[in-house]
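Now for the letters of each chain:
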Amino acid sequence: MISRSEITYKGTYFDHSIQRLPLRPSLFILFCITILTLAVYGKVFTHSFINYDDRHIITHRIDKYDGMTWENIQDIFVNDFPREEPLLLRDFSYLINAEIFGPLNPQGYLWGNIILHIGVSFLVYFLGLHLFPGNYFLAMLAAIFFVLHPVHVESVAWISSRKDPLYTFFFLTAFLSYARYLSRGKGGYLVLGLLLFAASLLSKASAIAFLPAIICYRFLIIRHKPRRFGELFFFGATLALTVFYIKWYTGILKEYGVVFPNSMINRDWSLWVLSVSEYVTFYLGKFFFPKELSPFYDFPAPELVFYNIPYLIASLAVVLSIMAIFWLRRFHEDQRPTFLICFFGCAMLPYLDFAKVGIYVADRYLYLASVALSILVAGVLVGIYHRAQSCQTRGSVIVVVIISCILCGLQTVKAVANWDNTTIFWQNANRVAPNRADTYAGLMGQYLNFYVKNPNDPYAPLAVAEAEKIGLRAMEKLCPSRRNCPKELFYVTTLLAEIYADKNKKVLADSYFDLTFAINKKYIKGRYIYAIILLRQGRYAEASGQLALIKKQANPYLYRDILHDVTTRLIPLADQQLAP
């Protein structure tokens, strides 16, 4: 760590360090952090896979995780390209979990998430201790805030969000390795930092925020230390690695067919500034008031910038206030608070809509950024405590801290329960985001899935009836006129069409399929389902038309399974029936 002589802020608001103790309390503190994590996340060990990415990332690729074999390792690192997310270390970590606990054991994967969350919490503690040397209480409080904060539930309790704690773990270890180099001057720490940064990139693309984060650290915290050639080489290598990774990752995604068109040049930048203001305010609000957490949010989004004018005004005020803090503190000796705000901003950069990702805000996006906020809040509270003149005021600060920790812990326990199984997950998502079509479709799909798996169960017809009721409720809420429907509604219309086709209500089923393709002409899976239904109904000419459209429109990688079935089974079947 940086020595006290490297970071000197004596007499400042945040300088209330505890003198070095003969026996450092770190081991006891880390033990307490571990116990707290297991206490608030203990319920995850009864959870199952969630039919929201867990299926296509793990259970549908279970052949990649059925043993620690050279073939599986080679598939993960070499053969399995192109793919939607080339996150090599994330997938390798799944392979390790599967080897220990079994490939279809969800608790094994969740154990991995818990261990990573504990590890990241340890690093938050060490980062707090690094920035505020000797202040064990501040570092401990920051780590406790981080480990208890309910906004992290999505990243820990959802198996498919493994990438967030994994890349954050490598990101922070790389950062601390660079800081160690500045303290010790040993080039080995730079090499280690580069390797850890590369590991972070291979865990999640958001690790590209590393370079701006270390630049902020260097020029705000260690600005007076002379720069050596090794450090300049480290910055150059980090930049080169970042650029290479972005080009490699983007190329794979383009080949896979999931990259949105680049609109960096022709975009409306004034609208982007307003959107970013709302995003930043949203994340700060979720950190300080973590209620109604969900993977889905109706707002904010670029097309809804002017949806809530008071919120937009408040968002601009928040951003301007942050800029004012920078301006007022530009010559201040203690730049640690400024650095923590910069760290928050750097961690948020990949999520500020520079590249179209389709999801504009999500709880998991705050995972790394909340490290800085946790340390900053802990520093403010410790500073207030030490500045308080009376015992009564200090007691009030302690009470606030205790109550905040208890409320965070209880809220986290409650949020963990929303990830217990797929039905509960979609019910909560639909409750929090009732204006999103995908939450209705997810809940419908879960009831229909029960029917498919248990057709002879006496409750199966009730499940279908419930799915139909949910779909009709979505139609009445989101598109009552059946015109100009939201683009995500094609999931709902397809499921309704399947229900009516199964009930042999052909006209009604056809009308919902027509509405599906009016909303999304290139919905390949919908056309595939429709073609199968048409074949089952003996409507071979119509089925042949749908199959031809699938062959023409389907991306060869994104829909390779569907294309294989279409070309090897369905088209020959239709041609055979149409032959004279």
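Below or above, wherever it landed, is the structure these notes cover. (Residues numbered from 1 in each chain as written. Predicted model: local features only at pLDDT ≥ 70, side-chain atom pairs only at ≥ 80, totals over all residues. Heavy atoms only, no water.)

1. Focus: the overall build of the chain
Stated formally: Numbering goes from the N terminus for both helices and strands, where a helix is a DSSP run of H or I of at least four residues and a strand is a run of E of at least two. Every radius of gyration here is taken over C-alpha atoms, with the globule rule written as 2.2 Å times N^0.38, N being the number of residues. The buried label goes to any residue with under 20% of its type's maximum accessible area, the exposed label to any with over 50%, and the partly exposed label to all in between, with areas taken from a 1.4 Å probe on protein chains only.
If you tally the helices and strands in the chain, you get 24 helices and 0 strands. The C-alpha atoms of the chain give 26 Å as radius of gyration, which agrees with the globular expectation for 580 residues (25 Å, within 12%). Its C-alpha atoms give the chain principal-axis dimensions of about 90 × 50 × 50 Å. Looking at the chain residue by residue over its 580 residues, the buried ones come to 51%.

2. Observations concerning the packing of aromatic side chains
Operational definition: To pair, rings of Phe, Tyr and Trp, with the six-membered ring standing in for Trp, must have centres within 6.5 Å; the planes then decide the type, stacked if under 30 degrees apart, edge-to-face if over 60, and tilted in the middle. Whether a charge sits over a ring depends on NZ of Lys or CZ of Arg being within 6 Å of the ring centre and within 35 degrees of the ring normal.
A complete count under the given rule lists 47 aromatic pairs for this structure. Arranged with centres 5.3 Å apart and planes meeting at 65°, the rings of Tyr-125 and Phe-126 form a pair that is edge-to-face. Between Phe-287 and Phe-288, the aromatic rings sit 5.1 Å apart at their centres with planes inclined by 85°, giving edge-to-face as the arrangement. Residue class for Phe-287 comes out buried when judged on its relative accessible area of 7%. An aromatic cluster of at least three residues, connected via ring pairs, comprises Phe-171, Phe-175, Tyr-178, Phe-197, Phe-210, Tyr-217, Phe-234, Phe-235, Phe-339 and Phe-343. A cation over a ring is seen here: Arg-83 above Phe-81, with NZ or CZ 5.0 Å from the ring centre.

3. Notes on the environment of Ala-324
For Ala-324, the location among the structural elements is in helix 13 (residues 309-328). On the basis of relative accessibility, which here comes to 34%, the residue Ala-324 falls in the partly exposed class. Residues Ala-324 and Lys-521, 197 residues apart in the sequence, show an inter-C-alpha distance of 49 Å.

4. Quick notes on the state of the cysteines
The cut-off we apply is this: Cysteine sulfurs are considered disulfide-paired once they come within 2.5 Å of each other.
The full count for this structure, using the stated rule, is 1 disulfide. Note on cysteine connectivity: Cys-479 is disulfide-linked to Cys-485, with sulfurs 2.0 Å apart. Across the disulfide from Cys-479 to Cys-485, rotation about the S-S bond amounts to roughly -70°, and the bridge is consequently left-handed. The pair formed by Cys-479 and Cys-485 is uniform in burial state, with each residue classed as buried. Unpaired in terms of disulfides, Cys-405 finds its nearest cysteine sulfur in Cys-408, a separation of 6.8 Å.

5. Structural notes on the packing of helix 22 (residues 524-536) against helix 23 (residues 540-553)
Using the following cut-off: Working convention: axes come from line fits to C-alpha atoms, limited for helices to the stretch in contact. Angles between N-to-C directions cover 0 to 180 degrees. In these notes the angle categories are as follows: under 35 degrees is roughly parallel, over 145 is roughly antiparallel, 65 to 115 is roughly perpendicular, and the rest is oblique. When the near helix sits turned anticlockwise from the far one by under a right angle, the crossing is termed left-handed; a clockwise turn instead gives a right-handed crossing. Residues count as neighbours in contact if any of their non-hydrogen atoms are within 4.5 Å of one another. Following the grouping adopted for this structure description, the nonpolar residues are Ala, Val, Leu, Ile, Met, Phe, Trp, Tyr, Cys and Pro, the charged ones are Asp, Glu, Lys and Arg, and the polar ones are all others, Gly among them.
Where helix 22 meets helix 23, the axes come as close as 8 Å, and the angle between the chain directions of the two elements is 155°. As far as their axial angle goes, helix 23 and helix 22 are roughly antiparallel. Judged by the sense of rotation from one axis to the other, the crossing of helix 22 with helix 23 is left-handed. Here Ile-524, Arg-527, Tyr-528, Tyr-530, Ala-531, Leu-534 and Leu-535 of helix 22 come into contact with helix 23, specifically with Tyr-540, Glu-542, Ala-543, Gln-546, Leu-547, Leu-549, Ile-550 and Gln-553. Tallied by class, the residues present in the contact of helix 22 with helix 23 amount to 11 nonpolar, 2 polar and 2 charged.

6. Regarding the pattern of salt bridges
Basically, it comes down to this: Note on definitions: salt bridges are taken to be side-chain nitrogens of Lys or Arg within 4 Å of carboxyl oxygens of Asp or Glu.
Using the criterion set out here, one finds 19 salt bridges in the structure. Two residues, Glu-154 and Arg-364, come together in a salt bridge whose shortest N-O distance is 2.2 Å. Here Glu-154 is found in helix 7 (residues 153-157), whereas its partner Arg-364 is found in the loop between helix 14 (336-348) and helix 15 (369-387), with 210 residues between them in sequence. A relative accessible area of 7% places Arg-364 in the buried class.

Interpretation note: all reported values are geometric properties and have no functional meaning in isolation.
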